[in-house]
Structures are given as structure tokens and as C-alpha cells.
Amino acid sequence: MKLKILLIFVLTFLSCKSFSQSNFRRWSVGVTGGMTIDNMDFRFDNPLGADYPNATKKFETNKGSIFGIVADYNITPYISTGLYLSKADLKNGRDAYGRMYKSDVTTIELKGSVVVGQFFKYDVDNWLLLLKNFYGGIGVGYVTGKNNVGDFPGVKGTPFTRQHIHDQGQSTFKGITMPLEVGYHVNFFDDYDEIRHVLSINYRTNFSTTDDINGYSDDLSTGLQNLFKDTYSSLNLTYKYHF
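Residues numbered from 1 in each chain as written. Predicted model: local features only at pLDDT ≥ 70, side-chain atom pairs only at ≥ 80, totals over all residues. Heavy atoms only, no water.

1. Describing the overall build of the chain
A count of helical and extended segments in the chain gives one helix and eight strands. In the chain, the succession of α and β elements from N to C terminus is α-β-β-β-β-β-β-β-β. Expressed as a percentage of the 243 residues in the chain, the buried residues total 41%. Restricting the contact set of the chain to residue pairs at least 6 apart, pairs at least 24 apart contribute 73%. (Helix = DSSP H or I, 4+ residues; strand = E, 2+ residues; numbered from the N terminus. Buried < 20%, exposed > 50% of the residue type's maximum accessible area, 1.4 Å probe, protein only. Contact = heavy atoms within 4.5 Å.)

Structure follows, in C-alpha cells:
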């Protein structure tokens, strides 16, 4: 008899838990926009051989814009996977070597994210509630685009041209990208106490397999410094509608 009562209790608990997990909207679509930040290997610290030793980096020197659309499938109220398509403008310079560029970047990514609330008890009711809506995400995708940097030779010091014969940069590019994202959600509920609208602020960094986003790619075999593949970040505001 006691075993039957225990079994009924466990089944009832699991049913309630399952209901709380399933009473949410599975799909969401949204738009996102913000500011891009060039994280590439431009120099402003008066290095040896600098053509422009007084080159300074201001706030707007390496800032551009980004706009994207996103479609997600919500596995649980706190775990989602989906597609992200974005168009971005990147820029930087002039740096100490006289380099400048502007680039148009398109990415399509498959991504997943987890909200901290996935690891909380449902009845948490204290200051930890402030942490429930932080989230992190990772993805993989394809990046392509073009920049306005021309081939060497060019007039020395002229913006938008590669500066020496050992620069192997290209004006078009394509490659794999791996985005990492952290952010915070603000949820808005409907009359059924389900999430209907979400406003988020997030910071993303895209690591790519191409070295041509900025149009400059020095040949390492000549002893020139070229530390890493092209990387950029963005600070975004995102709106999603759940249905």
C-alpha cells in the first residue's frame, strides 16, 4: 500500500514538472541591431617602422553597424536553437602603418543558447531571480563579403591599398565563423503567464577562419607579424516575439 502511494506521488510530481516545462511557446522570431567592433591586428602604438607614428585610435575609429534577423526553436523555456542571419559594416584605421579599410560582411549561423534559469528551481524567490535571465550561446556558420582594399602596388600612404608585396590580402572573402554570445533577457508575459515578448542586450564575438575581412594579410614566412585570423565583435539590442 505504501509503495502504491509513493508511486502515485512520484507520478503526480513528474506530471506537474512536465506541465511546467511544456507550458510555453515553442517558436520565436526577432530582429537585432547594434554596433560592430573591429578586433583585428591594426597598430596605434607607434611600432618600429611606423609610417604614421602619431596615428591615434578614437572611439569611432573601429565602430560600424550590424542588423540581423533570428528564428529560434525553444526546446525548454530556457534552451533554444535556431538560425541567425546578419549584415554588418566593419571599419578601422588609419593606423600607424597607414592602413584603413571598410568591409561588408554577411553571416548565416546555426546557434544554440542556454539561460541560467534552466539550472534554477522553479520556486526560487530571492535575489537569485536577478541572475535567472543571463544567458550564453555558441554557434557555427558561414561568413562572406568584400572590402574596399586594393592590390599592391599603390601610392604609399594612400588609404585602401595593400602596402607591400608581401601582403597576401584579398578584396573578397569567405570562411567559417564561430560566434560566442553572452547577454541578458527581459521577458514580457501575456494573459496566460507565458512569455510573449523578449528584449535582450547581448555581446557577440565572431571568430573566423579567414584573414581577409579587413583586406590585409601579411605573409608570415617573410618575418612579418600576423597574429591571428580576423575577429570582430558586436554589441546588440534584440527583440523576439514568441508564438
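That covers the picture; the talk isn't over yet.
2. Some remarks on the nonpolar core
Generally speaking, a soluble globular protein has its nonpolar side chains buried in company with each other. Counting residues in each nonpolar core, the largest one holds 15 residues, and the members touching the most others are M40, L90, Y101, V105, I213 and Y232. Elements supplying a minimum of two residues to this core: strand 2 (63–74), strand 3 (79–92) and strand 4 (101–115). No other element matches the three residues that strand 3 contributes to this core. Ignoring any residue separated from it by four or fewer positions in sequence, one finds L90 in contact with T36, M40, Y101, K102, S103, V105, I213 and Y232. (Core = buried A, V, L, I, M, F, W, Y, C linked by side-chain atoms within 4.5 Å.)

3. Remarks on unusual backbone geometry
In most cases, non-glycine residues show a negative phi, while peptide bonds are predominantly trans. Cis geometry is found at the peptide bond from G93 to R94, where omega equals 10°. Tracing the backbone shows R94 in the loop between strand 3 and strand 4. Put simply, F152 and P153 share a cis peptide bond, and its omega is 5°. Inspection of the secondary structure assignment puts P153 in the loop between strand 5 (134–147) and strand 6 (172–189). Positive phi is not limited to glycine here, since D193 has a value of about 60°. With respect to the element layout, D193 can be found in the loop between strand 6 and strand 7 (195–208).

4. A few points about the confidence of the model for the chain
Looking at the chain as a whole, the pLDDT averages 86, with 84% of positions reaching at least 70. A low-confidence stretch, residues 2–21 (pLDDT under 50), is modelled with five contacts involving residues beyond four sequence positions or located in other chains. (pLDDT = per-residue confidence, 0-100.)

5. What about the sheet that holds strand 3?
Pairing is antiparallel in the closed barrel, where eight strands are placed in the order 1-2-3-4-5-6-7-8. Each neighbouring strand pair of the sheet contributes to a mean axis angle of 25°, computed without reference to strand direction. (Pairing = 2+ DSSP bridges. Axes fitted to C-alpha atoms, helices over the stretch in contact; angles between N-to-C directions.)

6. Concerning the pattern of salt bridges
A complete count under the given rule lists ten salt bridges for this structure. Of the charged contacts, one joins D190 and R196 as a salt bridge, the two residues approaching to 3.6 Å between their closest N and O atoms. Assigned by exposure class, D190 and R196 land together as buried. Each of R25, D190, E194 and R196 takes part in one network of salt bridges that share partners. (Salt bridge = Lys/Arg side-chain N within 4 Å of Asp/Glu carboxyl O.)

7. Examining the side chain of D72
Here D72 lies in strand 2. Its relative accessible area of 1% is what places D72 among the buried residues. In terms of polar contacts, D72 uses its side chain to reach the side chain of K240, at 2.5 Å. Apart from the residues within four sequence positions on either side, D72 is in contact with R26, W27, S28, S80, T81, G82, L83, K111 and K240. (Polar contact = N/O pair within 3.5 Å; in protein donor to acceptor, adjacent residues only side chain to side chain.)

8. A look at the pairing of strand 2
Direction of pairing for strand 1 (residues 27–38) relative to strand 2: antiparallel, over a ladder of eleven bridges. Among the inter-strand pairings, S28 is bridged to a residue of strand 2, identified as D72. Across nine bridges, strand 2 lies against strand 3 in antiparallel orientation. Directly across from A71, in strand 3, lies its bridge partner L83. In sequence, strand 2 turns back onto strand 3 through a hairpin of four residues.

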